[in-house]
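Descriptive analysis of the structure
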Amino acid sequence: MIESILSTLGKQALQLATKEAWRIASAHWSLDSRMGDVNRAYNKVRGELAEVGLLADGVYLDDIELEVAFLPSYGEAGFVYEQTGWLSRLVGYREGVIYLPRDLPATAFVPGGTLTDTIRHEYAHAWHWLEPDFFERPWYSKAFVIPYNEVSASPAEEWHWRVERSRKFQSSLNSCRNDRERMALYRKTLRDDFVSEYAATLSCEDFAETFMYYLRYRNSIDRFSSRPGVYKKLLAVQKAVTTASRELGLQ
Ligand SMILES: [Zn+2]
């Protein structure tokens, strides 16, 4: 009995390993044909950063490189190590570099998100890596409440605490007739405050998702005036970008 269980487990493990090896190999084969998309998206975002004044030849975010990692995605659309441990250094990862998984997942965390959105999002983390002191200034906690590096508190918890104490929210909640309406109210209120559900997980992700939206909609931010929390954060990011750019002499 035990032997047959072990043999089944062994077969399953072998199947899994084969599937994984195939996934890694096919990510390598198909990469060449997709490098054009990566370069186009990277250059597009670099152009946007130059336009808003965070990048110029040899200046500030121009230092940030992008590489395609050796391994395919294990759920992440892209990543930046702000601090590398010995293991990540051993396999060749460097701090402050934007990495995309080998299989280049097309979807970012917002609905309709693209490779360009992933790169926009990762630039936000790279910016923090480049100048963490800038994020210690009052603008950050005013807009995002929880400090950038704080991982023991989530924006979703803070948000929940805040709406539960809001009279306006409570009176809307009381006028809901069933769970369906109550759920819709929660969803709408969350949408008013966060660019995406992922943004509500950690303060640094709230900033990165908001920064991605800021770059995407930098010429039409007023379209978010009907989502008051999101709008306020976008305006705060816009102001912080202008300040940084002025201090860098890029504006
Ligand atoms: Zn992120």
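Residues numbered from 1 in each chain as written. Predicted model: local features only at pLDDT ≥ 70, side-chain atom pairs only at ≥ 80, totals over all residues.

Description of the overall build of the protein chain
Cut-off, in case you're wondering: In this text, helices come from DSSP runs of H or I with a minimum length of four residues, and strands from runs of E with a minimum of two, each type numbered from the N-terminal end. Here, residues touch in the contact sense if the C-beta positions derived from the backbone fall within 7 Å of one another.
For the protein chain, the count of helices and strands is nine helices and five strands. For the protein chain, the sequential pattern of α-helices and β-strands runs α-β-β-β-β-α-β-α-α-α-α-α-α-α. Its C-alpha atoms put the protein chain at 65 × 55 × 30 Å along the principal axes. Counted over contacts in the protein chain with a minimum sequence separation of 6, partners at least 24 positions apart contribute 67%.

A word on the environment of E48
Note that E48 resides in helix α1 (residues 2–52). Here the alpha-carbon distance between E48 and W86, two residues 38 residues apart in the chain, equals 34 Å. Apart from the residues within four sequence positions on either side, E48 is in contact with L215 and R218.

A closer look at the nonpolar core
Counted only if it meets this: Any nonpolar core is a set of buried residues, restricted to Ala, Val, Leu, Ile, Met, Phe, Trp, Tyr and Cys, that join up through C-beta atoms within 7 Å. Buried means a residue has 20 or more other C-beta atoms within 10 Å of its own C-beta, exposed means 12 or fewer, and partly exposed covers the counts in between; C-beta atoms are placed from the backbone.
One finds L61, I98, I119, Y123, A124, F207 and F211 to be the most contacted residues of the largest nonpolar core, which totals 41 residues. Elements with a minimum of two residues in this core: α1, β5 (98–100), α3 (115–130), α4 (138–144), α8 (203–216) and α9 (228–248). Considering every element that reaches this core, the biggest residue donor is α8, with eight residues. Excluding residues that lie within four positions of it along the chain, L61 makes contacts with L49, L54, L55, Y123, W127 and L130.

Focus on the environment of E82
Looking at where E82 falls in the secondary structure, it is placed in the loop between β4 (79–80) and α2 (86–90). Placed 148 residues apart in sequence, E82 and V230 show a C-alpha to C-alpha distance of 26 Å. Setting aside chain neighbours within four positions, we find E82 in contact with E95, H125, H128 and W129.

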